[in-house]
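Report on the structure
Given next are the chains, with one letter for each unit.
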Amino acid sequence: MENVISEWLRCPVCGNKTRLQLRADAELKNFLLYCPKCRQKSLIDVEDFIFNPPKTAVCRVL
Ligand SMILES: [Zn+2]
């Protein structure tokens, strides 16, 4: 596997790590993110995910 920086995607509601891991060059559009912790669904967009400092995706809580 390539040694690419990756980071766990955090829930925009509670800030907890979800089970989704993103690479630094990941792109997601209108992705429905489910958080196992607070059981909320959030609609997220991730473009050019940057980790320095960790930039959260543009999130809209449903
Ligand atoms: Zn959550």
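Preceding block: the structure.
First, a word on what this report is: a plain description of the structure on this page. (Residues numbered from 1 in each chain as written. Predicted model: local features only at pLDDT ≥ 70, side-chain atom pairs only at ≥ 80, totals over all residues.)

1. Digging into the overall build of the protein chain
Within the protein chain one finds zero helices and five strands. Shown N-terminal to C-terminal, the secondary structure of the protein chain runs as helices and strands in the order β-β-β-β-β. Classification of the 62 residues of the protein chain by burial places 13% in the buried group. A separation threshold of at least 6 residues defines the contact pool for the protein chain, and within that pool the share at least 24 residues apart is 28%. (Helix = DSSP H or I, 4+ residues; strand = E, 2+ residues; numbered from the N terminus. Buried ≥ 20, exposed ≤ 12 C-beta atoms within 10 Å, placed from the backbone. Contact = placed C-beta atoms within 7 Å.)

2. Some details on the nonpolar core
Formed by Leu9, Cys11, Leu33, Cys35 and Ile44, the largest nonpolar core amounts to five residues. Beyond its immediate stretch of four places on either side in the chain, Leu33 contacts Leu9, Thr18, Leu20, Lys41, Ser42 and Ile44. (Core = buried A, V, L, I, M, F, W, Y, C linked by C-beta atoms within 7 Å.)

3. Re unusual backbone geometry
A positive phi is found at Asn30, a non-glycine position, where the angle reads about 50°. Along the chain, the position of Asn30 falls in strand S3 (residues 27-34). Overall, Asn30 belongs to the exposed group, with 8 C-beta atoms counted inside 10 Å. The phi dihedral of Arg39 is positive, around 60°, even though this residue is not glycine. For Arg39, the location among the structural elements is in the loop between S3 and strand S4 (41-47). Take Arg39: there are 10 C-beta atoms within 10 Å of it, and that puts it in the exposed class.

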